[in-house]
Amino acid sequence: MSERLRLALIAHDKKKDDLVAFARRHRARLAGCTLYATGTTGGRIVEACPELTVTRMKSGPLGGDQQIAALIAEGGIEALVFFVDPLTAMPHDVDVKALMRLAIVYDIPMALNRSTAEAVLGRIRAPGKSDPASETDGR
């Protein structure tokens, strides 16, 4: 089993700047993760943080959201950060809903905004590492 957290990063168009800023702020923690991203988002992150290695999928509307969803279904993604723009209609909304549904079905942490992403990133552990909080609260 991998010791690195496998994390997917996705952002709608109007949220890409926010996700890039998040990646810059957390670049040290993200460097210890195996990162996946949809095409444009991944390119923007690598441009801003060239030390990060990001496996880029296709652009979201061209199937990237579905590629990430498939990785979730196969157990290849352990957490999802998806900065969603709730005020803009997406032509590939069905793909986005399918991706989010699989994250829920497979019970992986899914952050949809910066505040939640920071909470998730600070809380999640790489596979195989115990979480001291779960030992004390009965989970």
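Here the structure is shown first, and the text comes after it.
Because the structure is predicted, anything quoted here is derived from the model rather than measured. (Residues numbered from 1 in each chain as written. Predicted model: local features only at pLDDT ≥ 70, side-chain atom pairs only at ≥ 80, totals over all residues. Heavy atoms only, no water.)

Asker: It is not clear to me how the overall build of the protein should be interpreted in this structure. Could you clarify?
Answerer: Along the backbone of the protein there are seven helices and five strands. For the protein, the N- to C-terminal ordering of α and β elements is β-α-α-β-α-β-α-β-α-β-α-α. Evaluated residue by residue, the protein yields a buried proportion of 43% over its 139 residues. Of the contacts formed within the protein by residues at least 6 apart in sequence, a portion of 69% connects residues at least 24 apart. Only carbon and sulfur atoms are counted for the fraction: they give 53% of the accessible area of the protein, which is about 7,400 Å². (Helix = DSSP H or I, 4+ residues; strand = E, 2+ residues; numbered from the N terminus. Buried < 20%, exposed > 50% of the residue type's maximum accessible area, 1.4 Å probe, protein only. Contact = heavy atoms within 4.5 Å. Areas by Shrake-Rupley, 256 points an atom, 1.4 Å probe, with all protein chains shown as cover.)

Asker: Is there a simple way to explain the packing of helix H4 (residues 64–73) against helix H5 (residues 93–105) in this structure?
Answerer: When two helices pack together, their arrangement is captured by the angle between the axes and the distance separating the axes. The interhelical angle for the contact between H4 and H5, taken along N-to-C directions, is 15°, at an axis separation of 9 Å. In this view, H4 runs roughly parallel relative to H5, as classed from their interaxial angle. In the packing of H4 onto H5, the handedness of the crossing is left-handed. Here H4 contributes Asp 65, Gln 66, Ile 68, Ala 69 and Ile 72 to the contact with H5, which in turn contributes Asp 95, Val 96, Leu 99, Leu 102 and Ala 103. Across the contact of H4 with H5, the residue classes break down as seven nonpolar, one polar and two charged. (Axes fitted to C-alpha atoms, helices over the stretch in contact; angles between N-to-C directions. Parallel < 35°, antiparallel > 145°, perpendicular 65-115°, else oblique. Left-handed = near helix turned anticlockwise from the far one by under 90°. Nonpolar A, V, L, I, M, F, W, Y, C, P; charged D, E, K, R; others polar.)

Asker: Would you mind showing me how to read unusual backbone geometry here?
Answerer: It is generally the case that most residues other than glycine have a negative phi and that most peptide bonds are trans. Positioned with a positive phi, Asp 107 is a non-glycine residue whose angle comes to about 55°. Within the fold, Asp 107 resides in the loop between H5 and strand E5 (110–111). Classification of Asp 107 as exposed rests on a relative accessible area of 68%.

Asker: Please explain the nonpolar core as it appears in this structure.
Answerer: The nonpolar side chains of soluble globular proteins are, as a tendency, buried together. Ranked by internal contacts, the top residues of the largest apolar core, which has 25 residues, are Leu 7, Leu 9, Leu 19, Leu 35, Ile 45 and Val 81. Elements with a minimum of two residues in this core: strand E1 (6–11), helix H1 (16–25), strand E2 (34–37), helix H3 (39–48), strand E4 (79–83) and helix H6 (114–123). Top element by residues in this core is H1. It accounts for four residues. When sequence neighbours within four positions are dropped, the list of residues in contact with Leu 19 reads Leu 9, Ile 10, Ala 11, Thr 41, Ile 45, Val 81 and Phe 83. Counting residues in each nonpolar core, the second largest holds 16 residues, with Met 57, Ala 69, Phe 82 and Leu 99 among its members. (Core = buried A, V, L, I, M, F, W, Y, C linked by side-chain atoms within 4.5 Å.)

Asker: Mind showing me how you'd approach the pairing of E1 here?
Answerer: For a regular strand, the rule is simple: side chains alternate between the two faces of the sheet. The element E1 is extensively covered by neighbouring structure, given that five of its six residues are classed as buried. Relative to E2, E1 runs parallel, the two being bridged by four bridges. Paired with Ala 8 across the strands is Tyr 36, a residue of E2. Where E1 meets E4, five bridges bridge the pair, whose relative direction is parallel. (Pairing = 2+ DSSP bridges.)

Asker: Please clarify how H1 should be interpreted in this entry.
Answerer: Residue pairs three or four apart in sequence face the same way in an α-helix, which turns once every 3.6 residues. Of the residues making up H1, those classed as buried are Lys 16, Leu 19, Val 20, Phe 22 and Ala 23. Buried residues of H1, viewed axially, fall in a sector of 155°; they line one side. Residues of H1 that are buried sit in contact with E1, helix H2 (27–31), H3, E4 and H6. (Arc of directions from axis to C-beta.)

Asker: Help me out: how do you make sense of the pattern of salt bridges in this one?
Answerer: Side chains that differ in sign of charge can pair as their charged atoms come close. Within this structure, the stated rule accounts for eight salt bridges. Note that Lys 16 is salt-bridged to Asp 13, the shortest N-O span being 3.8 Å. With a relative accessible area of 62%, Asp 13 lands in the exposed category. Each of Arg 25, Arg 114 and Glu 118 takes part in a single network of salt bridges with overlapping partners. (Salt bridge = Lys/Arg side-chain N within 4 Å of Asp/Glu carboxyl O.)

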